[in-house]
Amino acid sequence: MTAAPTSEPTVVRAACPHDCPDTCAMLVTVEDGRATEVRGDPEHPFTRGGLCVKVNNYTDRVYSEGRVLHPLRRVGPKGSGRFEQISWDDALDEIATRFRSVIAEHGPEAIMPVSYLGTEGILNGLNAGDAFFNSLGATISERTYCDSGSCTAYTMTIGATAGIDPESFVHSRYIIIWACNMVSTNLHMWPFVAEAQRRGAKVVVIDPVQHRTAKHADWHIPIRPGTDGALALAMMHVIIDEGLTDDDYVARYTVGYDELAERVRDYTPEWAARETGVPADDIRTLAREYAGSQPSAIRIGVAIERHSGGGQTVRSIACLPALVGAWRRPGGGLLQLPLWAFPVNWGSFMRPDLLTPGTRVVNQFHLGRALTGEMDLDPPVKAVMVYNSNPVVVCPEQDKVVTGLAREDLFTVVSEQFLTDTAEFADIVLPATTQLEQLDIMFSWGHFYVSLNMPAIEPQGEAVPNTELFRRLATRMGMDDPALQRTDEEMVADAFDWSSPAMAGISYESLRETGWARLNLPSADEYAPHAEGGFPTPSGKCEFASSAAAGGNFVVPLFRQGSNEFQPGDPVDPLPHYIPPREQPDGHYRLNLISPKSHAYLNSSYGNLSAQRRVQGDPAVTIHPEDAEERGIVDGQHVRVHNDRGEFIVVARVSDEVSRGVVMANMGNWRSLSKGTATVNAVNPFTFADLGNAPTFSDTLVEVAPT
Ligand SMILES: Nc1nc2c(c(=O)[nH]1)N[C@H]1C(S)=C(S)[C@@H](COP(=O)(O)OP(=O)(O)OC[C@H]3O[C@@H](n4cnc5c(=O)[nH]c(N)nc54)[C@H](O)[C@@H]3O)O[C@H]1N2
Ligand SMILES: Nc1nc2c(c(=O)[nH]1)N[C@H]1C(S)=C(S)[C@@H](COP(=O)(O)OP(=O)(O)OC[C@H]3O[C@@H](n4cnc5c(=O)[nH]c(N)nc54)[C@H](O)[C@@H]3O)O[C@H]1N2
Ligand code: SF4
Ligand SMILES: [Mo]
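Just so you know, these numbers come straight off a predicted model, no measurement behind them.

Undergrad: Outline the sheet that holds strand 19 (residues 449-453), supporting the account with residue identities and numerical values.
TA: Reading across the sheet, the three strands line up as 18-19-20 and stay open at both edges, with antiparallel pairing between neighbours. Each edge of the open sheet is held by one strand with a lone partner, namely strand 18 (440-442) and strand 20 (516-518). Geometrically, the sheet is characterised by an average inter-axis angle of 10° between neighbouring strands, direction not taken into account. In this sheet, strand 20 lies alongside strand 19 in antiparallel orientation, the contact comprising three bridges. In the sheet register, Val450 faces strand 20, and the bridge partner there is Ala517.

Structure follows, in structure tokens:
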């Protein structure tokens, strides 16, 4: 054996690939071609030198023994997870042959792509396969997992604005963190909130769970899941009734105030108290303090949309800052998705021009029904290709997803880094690179910095980035559109509208030096984008009465593969209103289940890795002591959580961190690593919320019983 060549360690600038608002800037140490360490860039104003419990040991993910490093072909029965290694050539041949025969027999719509945000980079993320599948004529996959309902509601009210700069929160006097477990899911924003708190701001957390973030708050308001809309409407009632509005701001920069005032008249705190479980006096106090402590800021989490009235809830919350003039100063207003600030050249990746008009759309929440035939699709789905997603874990109606994927006549391709619960059902598994092995460029949905991810090491085994995967597939399918063969570097060049004012002074070249750059926007100390209105709505104002609502419910283009067209649905009431949770306690099911993110996993990613599993602990359900006692449940025992849709078995954690009537089971656990054959999405419904086809994960009733 010859000694390996030695060289000085180098440091490569990278960016965390995950679907997480923080998009951390990473520094990767490489020695002899091997990545030895990842750390947060101490210079980055948001990352501030730290990563998180998920990504601190990212090299263990990259070099994990569980990595899929070669193409695999199924040898055992479906779902057995038994595979043999094959060559890329054979894998591509088999895929091309099977896709062609499906197309010949049933047409291209019988092929359905299934994907989401396993990686978030512009090249390898959400739209990585769109051009390919659009050209193929495959079923259009609607991907409304995350913030789709919120985005519809938000844009209906204040337009696609970036909202408050998260770094401006240091200037806030009053901060409401609403349905967001920031310390677990948006960790790098917390220091800005904590700084405001040190400077005297009051921090309020509205959440059914007294989680890590709530424990740091000045005031935790436990609320019945799915009823936040009632709270927001009652806050507006109090603000208007008690004359706490900023009349000048309302007069100049809003439309529909009189109708709104009329609408909220009956939404009294007493009424809202019955819906929400929050005492009427607390609602009054919250409204008065929120209106009276300017600038006041609201940070909504994605979970705010996950119930039948989720859209209207966000409509109401989006009205609040304008009503009290919060937008006037830095640190005042609403924070949803700063993503809107980035001039991403979406069209260049979504390629709506390559779609065949009239191609059918199937929402991924219906995957189980689509595969089992319950949806009666014509043509039926005969082939699925999964990339950037683990639908067995993240989709509702898990039992149906599994039953569907077990179909012998279904041809399933999964591109993955690991043999996930979904990959186990594949006919062909294709090896995917991790972020250290690929080039990408990132927007953020939690701050105002663009970042470039340079490859730090060679691809492991025969793994390829998603970009290369779809180039290879296109070639093998004989698709010769040059749009399907762009190089990664060409894609970086196409990623942004570099001539946009937001990108002034930022280029691929400059990013290669610096790794990241703040969008060309005013500093966080000065940024008050709507101090004088200027909302990107049709009226240019905050629309209490929404003009877009007249056009009906819609899914914003981002969430539908390849399509950048608004697809209007039924007209929507232009004024915010209350839609109660669909599932109301009855004789059978009396516990409202919520399934927020795991602290140590990123959705289901890391759910198989030992360091993260140690931190996360066994899959569990948290239940209030009185609810537990009533059911004869003691802390630490295994329980069955069930409803008519399914059941899963977890350990009971008896704790008053949840209110009576609420149970909490984190999502992200792997089915194959759980007791029983299911996880929390076995009991969740496929039903949409009122706007944007959002999920209703928080609108779920169950019972819990000792096993
Ligand atoms: N550690 C970790 N971080 C993550 C992720 C992860 O899986 N793990 N995932 C990333 C992704 S994709 C996303 S979308 C974000 C999401 O991050 P968040 O927006 O924080 O979403 P969740 O953690 O799902 O839920 C947040 C909180 O909402 C509460 N909640 C649930 N239903 C309701 C309700 O009806 N009303 C109110 N008021 N509260 C409710 C839950 O109790 C939970 O504490 O996190 C990102 N960051
Ligand atoms: N009950 C319940 N269900 C939920 C949620 C909830 O809060 N509760 N949250 C919803 C939300 S907000 C979201 S965002 C979704 C998340 O759903 P997904 O985006 O499906 O998230 P993950 O479970 O992390 O699965 C991503 C998979 O992609 C793989 N992957 C990573 N990088 C690459 C790559 O470069 N190429 C390829 N081919 N694969 C890659 C990872 O290994 C991983 O297995 O889940 C949704 N489901
Ligand atoms: S998962 Fe989020 S917090 Fe963790 S390193 Fe990545 S961007 Fe940062
Ligand atoms: Mo998400």
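From this point, the discussion proceeds with the structure in view.
Undergrad: A description of the pairing of strand 27 (residues 700-706) should follow, citing residues and the corresponding values.
TA: Along strand 27, six of the seven residues are buried, which leaves the element largely enclosed by surrounding structure. With three bridges connecting them, strand 22 (residues 591-594) and strand 27 associate as antiparallel partners. Looking at the pairing, Asn592 lines up with Leu701 of strand 27. Of the pairings in the sheet, the one linking strand 24 (residues 638-643) to strand 27 comprises four bridges and is antiparallel in character. Paired with Val641 across the two strands is Val704, which belongs to strand 27.

Undergrad: Could you give an account of the site of ligand 2, with specific residues and numbers?
TA: Neighbouring ligand 2 are 31 residues, the closest being Ser389, Ser415, Glu416, Lys597 and Ser604. Between Glu416 and ligand 2, the recorded distance is 2.5 Å, taken from a side-chain N or O atom to an oxygen atom. Of the residues contributing to the shell around ligand 2, the split by class is ten nonpolar, 16 polar and five charged. When residues are assigned to domains, the shell around ligand 2 turns out to be shared by domain 2 (72-139 + 359-518) and domain 4 (591-706), each giving three or more.

Undergrad: Break down the site of ligand 1 for me, citing the residues and quoting the values.
TA: Neighbouring residues of ligand 1: 33 residues in total, closest Thr185, Asp207, Asp228, Tyr601 and Asn603. Within the backbone of His599, a nitrogen or oxygen atom sits 3.0 Å from a nitrogen atom of ligand 1. Between ligand 1 and the protein, one listed contact pairs a nitrogen atom with a side-chain N or O atom of Ser698 at 2.8 Å. For ligand 1, whose unbound accessible area comes to 900 Å², protein coverage reaches 98%.

Reading the values: the criteria
Per chain, residues are indexed from 1 in the order of the written sequence. Here the convention is simple: chains get letters from A, ligands get numbers from 1, in the order in which they are written. Whole-chain, interface and lining totals are the exception, using all residues; otherwise, since this is a predicted model, local features are given only for residues with pLDDT of at least 70 and side-chain atom pairs are given and counted only at 80 or more. Side-chain calculation: all heavy atoms of the structure are included, whereas hydrogens and water are not. In this scheme, strands are said to pair when DSSP sees at least two bridges between them. Secondary structure elements are taken from DSSP: a helix is a run of H or I of four residues or more, a strand is a run of E of two residues or more, and numbering for both begins at the N terminus. Axes, fitted as lines to C-alpha atoms, cover a helix only where it is in contact. Angles between the N-to-C directions of the axes lie from 0 to 180 degrees. Remark: exposure states derive from per-residue accessible area (1.4 Å probe, protein chains only) relative to the maximum for the residue type, with buried under 20%, exposed over 50%, and partly exposed in between. Proximity criterion: a residue is near a molecule or strand once any of its heavy atoms comes within 4 Å of it. Polar contacts, as used here, are pairs of N or O atoms within 3.5 Å; protein pairs need one atom able to donate a hydrogen and one able to accept it. Residues neighboring in sequence count only if both atoms are side-chain atoms. Three categories are distinguished: nonpolar for Ala, Val, Leu, Ile, Met, Phe, Trp, Tyr, Cys and Pro, charged for Asp, Glu, Lys and Arg, and polar for the others, with Gly belonging to the last. Source of the domain bounds: an automatic or database domain assignment. Note on areas: these come from Shrake-Rupley sampling with a 1.4 Å probe, and a residue is covered only by the protein chains present in the view.

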